[in-house]
Amino acid sequence: MPLRLIPGAGAQPGTKIHTLAATEATPEALRKLAGSGPVTVWYCADDYVPLAAIKAAAIEGARIAPMNAAINAVAAAYRECLINLDELIWPDAEPPDAAWSASSIFDRGPYLTPFQRNLVRTLVVAEGIAGGGCHIVIGDDRATAAAMAGRPPRLIDKAQALWMGLRARLAGLRSLWRQRRAVRGSRVSDLNDRFKDVDTVLVVWADADSFVQAEGRGTVFSTLPGLLRRSGRRTAYLANPIGWMGDAADICRSIVTSGTQVTLPVELIRWRDVIAALPGSAALVPALRGQVCIAEYDVSALVRLTLWRDLASWGPVHARLFDVVVPALKALAPKLDAIGYTYENQPWEKRLLAGARSLQVRTIAIQHSPFAYDYLAFFPTRRDIASGRVHDR
């Protein structure tokens, strides 16, 4: 069923928009929607396979809009909006800080976050349909495609997000319980004794092999800890288990039995901290009021869908657990005055920084992978910089 246009897009009367999920976008489905008249296909999904099939079918009357160059151009034109999403969505007041910075909206990756990418796609489509005609918008799923066409999330979309959020939290709690059990069954040294003289902590992602070599040379920091120790610093590690590279409990077990001065977030948090973090980014949904516009285009539907779907993720809960990590580290290592971490501008980093600032512990961001000027996801917002919500060096 054709959906309403994005308000402000200025499309001609009679413009029709059909929406499909990428899995539904078969050549046969597009032929049926195209009918006898010309239609423009806007492919806004990540999976290339359906697009390749559509191109190979050479559907009569269907023009596939060139997206790549348009996406790059729009991302460059709206660069400041895409970086400063907090100002875009809440122009008059800052959003709830813990919920916003923990949100998976800030789940950084090369170039653009998924939310940024979908915003850019929405703007490309909005500008493209302004001339009228018939259009087919294809997204990763039906709800995303519909949001790009201006329809707010349906009740079923919200219910699905809540159900998936419940499942994600149960799975996250189970994983934390297994990690805690693995650590307690394997830790043979006393953490308080090993950390009492530590003044520098290096935060690093780790798998089962990261601490096999002495001084953690299997981590991205390589020989840095040794250099710090020779300069007089007393260094230890905070290791984040890379759960997608193996069983998190097994990784924790391997780390704590390595003989290296290292602790894990799961050793520093209490169950009451976990309970307090369970809402994740839920406060953002009621905090969003009114329209969200980029230039003359209303992107509110996509923003609302994204905030609802953020409830379905364990990511914001994981990030908020880092609120208590630095205070716990400080209690363990009273001399702690510096934390180094691999900079990616991810949600958990923002919450780690918040904890460090509250205790006046210096934070040093270490660039461990290259990124270009157009990798918008790596840049902090103006509000973050103005409020000091960034690393010290």
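A few points on the structure. Quantities reported herein were computed from a predicted structural model and do not represent experimental measurements. Throughout this description, residue numbers start from 1 for each chain and increase along the sequence as written. Reporting of local features is limited, given that this is a predicted model, to residues whose pLDDT is at least 70; pairs of side-chain atoms are given and counted only at 80 or more, and all residues count toward the totals for whole chains, interfaces and linings. Water and hydrogen atoms were dropped before computing side-chain values, which therefore reflect all heavy atoms in the structure.

## Notes on the overall build of the protein chain
1) Next: Strands are runs of DSSP state E lasting at least 2 residues, helices are runs of H or I lasting at least 4, and numbering of each runs from the N terminus. Helix and strand counts for the protein chain come out as 20 helices and eleven strands.
2) Next: Taking 21 Å as the expected radius of gyration for a compact globule of 393 residues, we find that the protein chain reaches 24 Å, a close match to that expectation.
3) Next: The principal-axis extent of the C-alpha atoms belonging to the protein chain is close to 75 × 40 × 35 Å.
4) Next: In the protein chain, buried positions account for 51% of the 393 residues.
5) Next: When contacts within the protein chain are restricted to residue pairs at least 6 apart in sequence, long-range pairs at least 24 apart make up 81% of them.
6) Next: For the protein chain, the computed accessible surface area is about 17,700 Å², with 56% contributed by carbon and sulfur atoms. For this measure, only C-alpha atoms enter the radius of gyration; the expected value for a globule follows 2.2 Å times N^0.38, where N is the number of residues. Here's how the labels work: a residue is buried when its accessible area is under 20% of the maximum for its type, exposed when over 50%, partly exposed in between, all with a 1.4 Å probe on protein chains only. Contacts are residue-level and defined by heavy atoms, with any inter-residue pair within 4.5 Å sufficient. In short, Shrake-Rupley with a 1.4 Å probe defines the accessible areas, and a residue's cover is counted only from the protein chains shown.

## Regarding the pairing of strand E5 (residues 200-206)
1) Next: Taking burial as the measure, the seven residues of E5 include seven buried ones, the bulk of the element.
2) Next: Burial of E5 is two-sided: the residues Thr200, Leu202, Val204 and Ala206 facing one way and the residues Val201, Val203 and Trp205 facing the other way are all buried.
3) Next: Strand pairing follows a simple DSSP-based rule, namely that at least 2 bridges must link the two strands. Here E5 pairs with strand E6 (residues 235-241) via seven bridges, running parallel. Note on E6: the bridge partner recorded for Trp205 is Asn240.

## Overview of the pattern of salt bridges
1) Next: The term salt bridge refers to a pairing of a side-chain nitrogen on Lys or Arg with a carboxyl oxygen on Asp or Glu at a separation within 4 Å. This structure, assessed with the given rule, holds 17 salt bridges.
2) Next: Close ionic contact of Glu24 with Arg142 constitutes a salt bridge, the shortest N to O distance being 2.4 Å. Pair noted here: Glu24 is in the loop between strand E1 (16-21) and helix H1 (27-34) and Arg142 is in helix H8 (residues 142-148), with a separation of 118 residues, a long-range link.
3) Next: Of the residues examined, Arg142 reaches a relative accessible area of 52% and is grouped as exposed.
4) Next: Between Asp157 and Arg154 there is a salt bridge, and its shortest N-O distance comes to 3.1 Å.
5) Next: Its relative accessible area of 34% is what places Arg154 among the partly exposed residues.
6) Next: A single network of salt bridges, built from pairs that share partners, joins Asp46, Arg117 and Arg121.

## Quick look at the sheet that holds E1
1) Next: Here four strands make up an open sheet; going across it, the order is E1-E4-E2-E3 and the pairing parallel. Pairing within the sheet leaves two strands with one partner each, and these edge strands are E1 and strand E3 (62-64). The average angle at which neighbouring strand axes cross in this sheet is 25°, direction not considered.
2) Next: Note that strand E2 (residues 39-44) and strand E4 (residues 134-139) share five bridges and pair parallel. Counted as the bridge partner of Cys44 is Gly139 from E4.
3) Next: Orientation is described by axes fitted as lines to C-alpha atoms, over the contacting stretch for helices, and by angles from 0 to 180 degrees between their N-to-C directions. Across the sheet, helix H7 (residues 114-129) touches E1, E2 and E4, and the angle it forms with E2 is around 170°.

## Things to note about the sheet that holds strand E10 (residues 338-342)
1) Next: Taken together, five strands build an open sheet; the order of strands is E7-E6-E5-E10-E11 and the sheet is parallel. The strands lining the two open edges of the sheet, one partner per strand, are strand E7 (262-263) and strand E11 (362-366).
2) Next: Where E6 and E7 come together, two bridges link them in parallel fashion. Note on E7: the bridge partner recorded for Leu238 is Thr263.

## A closer look at the packing of aromatic side chains
1) Next: Pairs were defined over the aromatic rings of Phe, Tyr and Trp, the Trp ring being its six-membered one, requiring ring centres within 6.5 Å. Orientation was assigned from the angle between planes: stacked under 30 degrees, edge-to-face over 60, tilted for the rest. Tallying each qualifying case throughout the model produces five aromatic pairs.
2) Next: Summarising the aromatic geometry, the rings of Phe322 and Trp348 are spaced 5.2 Å apart at their centres and angled 45° between planes, so their arrangement reads as tilted. Of this pair, Phe322 sits in the loop between helix H17 (315-320) and helix H18 (325-332) while Trp348 sits in helix H19 (residues 347-358), placing them 26 residues apart in sequence. Here Phe322 and Trp348 have matching classes, each one buried.
3) Next: Grouped by ring-pair contacts, the aromatic residues Trp205, Phe322 and Trp348 constitute a single cluster.
4) Next: A ring is considered to have a charge above it if a Lys NZ or an Arg CZ atom is located within 6 Å of its centre and within 35 degrees of its normal. We note Arg79 situated over the ring of Tyr373; from NZ or CZ to the ring centre the distance is 3.6 Å.
5) Next: Above the plane of the ring of Phe379 lies Arg79, whose end atom (NZ or CZ) is 4.8 Å from the centre.

## Considerations on the environment of Ser358
1) Next: Here Ser358 is to be found in helix H19.
2) Next: Residues Ser358 and Thr26, 332 residues apart in the sequence, show an inter-C-alpha distance of 54 Å.
3) Next: N or O atoms within 3.5 Å of each other form a polar contact, as long as, within protein, one can give a hydrogen and the other can take it, and as long as residues adjacent in sequence are counted only when both atoms are side-chain atoms. A distance of 2.6 Å separates a polar atom in the side chain of Ser358 from the backbone oxygen of Gly355.

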